[in-house]
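# Structural overview for review
What follows is the residue order along each chain.
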Amino acid sequence: MIKIKDYKGKVLLEYPGDTLEGANLERTYLRLHYFGGEDICHTTGVDLRYANLKKFNLRKANLIYIELFEANLNFADLTGADLTKASLWGAELRGANLTGAELTCALLWRADLRNASLITANLSGARMDHADLSGADLSKAKLRGAELAKVNLSRADFTGASIEGVRWWKAFYIKGQPPIGLPQGIMEQLTVKEKDDD
């Protein structure tokens, strides 16, 4: 039995088995504790706000519409996970593996994606305002129509990424740490800062 807890140690949910690899948390019966009691719920979007999922194996998990507001997913393995329309507002994803993940229309405002692997991830239509992508690998990622307003792009790798229609409004990088793989026309739109003061 896996118990997922919030940052205070309170159990948010219990999941049968010893791994979440390939788990489908969309429309799954889960034993929820968050609101008191042990009600069995039929969910279409699991609420894991503030959950501590650091280093969790969530490979190929179906996490469509999941609520992960300010969740700790640092160094989690989300390879091939489906996070379509997931809410990851303020989530900590430092060093997380999101290779091949589906993040279409996901909400990643203020998400910390420093040094995350987003190789071949689909971020089409994702909203990433104020996110930190410094050191992230977005090689061959799909970012069509994504919103990257005020995003830190220092040392991020966009080699081979699809960036048509991306909104770069006030996106920036730290002086001496430019992103890799962006065309000159995009680079000229970016702000260069002495330090990250956001």
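Owing to the predicted nature of the structure, the values given are computational and were not obtained by experimental measurement.

### Structural notes on the overall build of the chain
Tallying secondary structure elements over the chain gives 1 helix and 7 strands in all. Along its sequence from the N terminus, the chain presents helices and strands in the succession β-β-β-β-β-β-α-β. Residues classed as buried in the chain amount to 51% of the 198 residues present. Across the chain, contacts joining residues at least 24 apart in sequence account for 11% of those joining residues at least 6 apart.

### A short note on the pattern of salt bridges
For the structure on display, the rule yields 8 salt bridges. One salt bridge connects R94 with D112, and the closest N-O pair in it is separated by 2.9 Å. In this pair, R94 sits in the loop between β5 (51–52) and β6 (172–174) while D112 sits in the loop between β5 and β6, placing the two residues 18 residues apart along the sequence. Overall, the relative accessible area of 27% leaves R94 in the partly exposed class. Assessed through its relative accessible area of 12%, D112 is described here as buried. A single network of salt bridges, built from pairs that share partners, joins E92, R94, D112, R114 and D132.

### Digging into the confidence of the model for the chain
Residue-level pLDDT values for the chain average 85, and 78% of them are 70 or greater. Note on residues 26–44: pLDDT is under 50 here. Beyond four places in sequence and across chains, it has 50 contacts.

### Comments concerning the packing of aromatic side chains
Applying the stated criterion across every chain, the model contains 3 aromatic pairs. A centroid spacing of 5.9 Å and a plane angle of 75 degrees characterise the contact between F158 and W168, whose relative ring orientation is edge-to-face. One end of the pair, F158, is in the loop between β5 and β6; the other, W168, is in the loop between β5 and β6, and 10 residues separate them in sequence. According to the relative accessible area criterion, F158 is buried, its value standing at 1%. The buried category is assigned to W168, whose relative accessible area is 5%.

### Observations regarding unusual backbone geometry
Unusually for a residue other than glycine, Y65 sits at a positive phi of about 65 degrees. For K85, which is not a glycine, the phi torsion comes out positive at approximately 55 degrees. One can find K85 in the loop between β5 and β6.

### Considerations on the side chain of E147
Relative to the assigned elements, E147 resides in the loop between β5 and β6. Engagement of the side chain of E147 in a polar contact is seen with the side chain of R167, the distance being 2.7 Å. If near-sequence neighbours (up to four positions away) are discounted, E147 is found in contact with A126, R127, M128, D129 and R167.

### Digging into the environment of E102
With respect to the element layout, E102 can be found in the loop between β5 and β6. By relative accessible area, E102 is classed as partly exposed at 25%. Taking C-alpha positions, E102 is 5.9 Å from T84, a pair spaced 18 residues apart along the chain. Setting aside residues up to four positions removed in sequence, E102 forms contacts with A81, D82, L83, T84 and N122.

### Topic: the side chain of S124
Mapping S124 onto the fold places it in the loop between β5 and β6. Take S124: its relative accessible area is 15%, and that puts it in the buried class. Filtering out sequence-adjacent residues up to four positions away, S124 remains in contact with L103, T104, C105, K142, L143 and R144.

### Describing the environment of S87
Following the sequence through the fold, S87 ends up in the loop between β5 and β6. Aside from chain neighbours lying at most four places away, what touches S87 is I66, E67, L68, F69 and L107.

Rules of the game
- Residues numbered from 1 in each chain as written.
- Predicted model: local features only at pLDDT ≥ 70, side-chain atom pairs only at ≥ 80, totals over all residues.
- Heavy atoms only, no water.
- Helix = DSSP H or I, 4+ residues; strand = E, 2+ residues; numbered from the N terminus.
- Buried < 20%, exposed > 50% of the residue type's maximum accessible area, 1.4 Å probe, protein only.
- Contact = heavy atoms within 4.5 Å.
- Salt bridge = Lys/Arg side-chain N within 4 Å of Asp/Glu carboxyl O.
- pLDDT = per-residue confidence, 0-100.
- Phe/Tyr/Trp six-rings, centres within 6.5 Å; stacked < 30°, edge-to-face > 60°.
- Polar contact = N/O pair within 3.5 Å; in protein donor to acceptor, adjacent residues only side chain to side chain.

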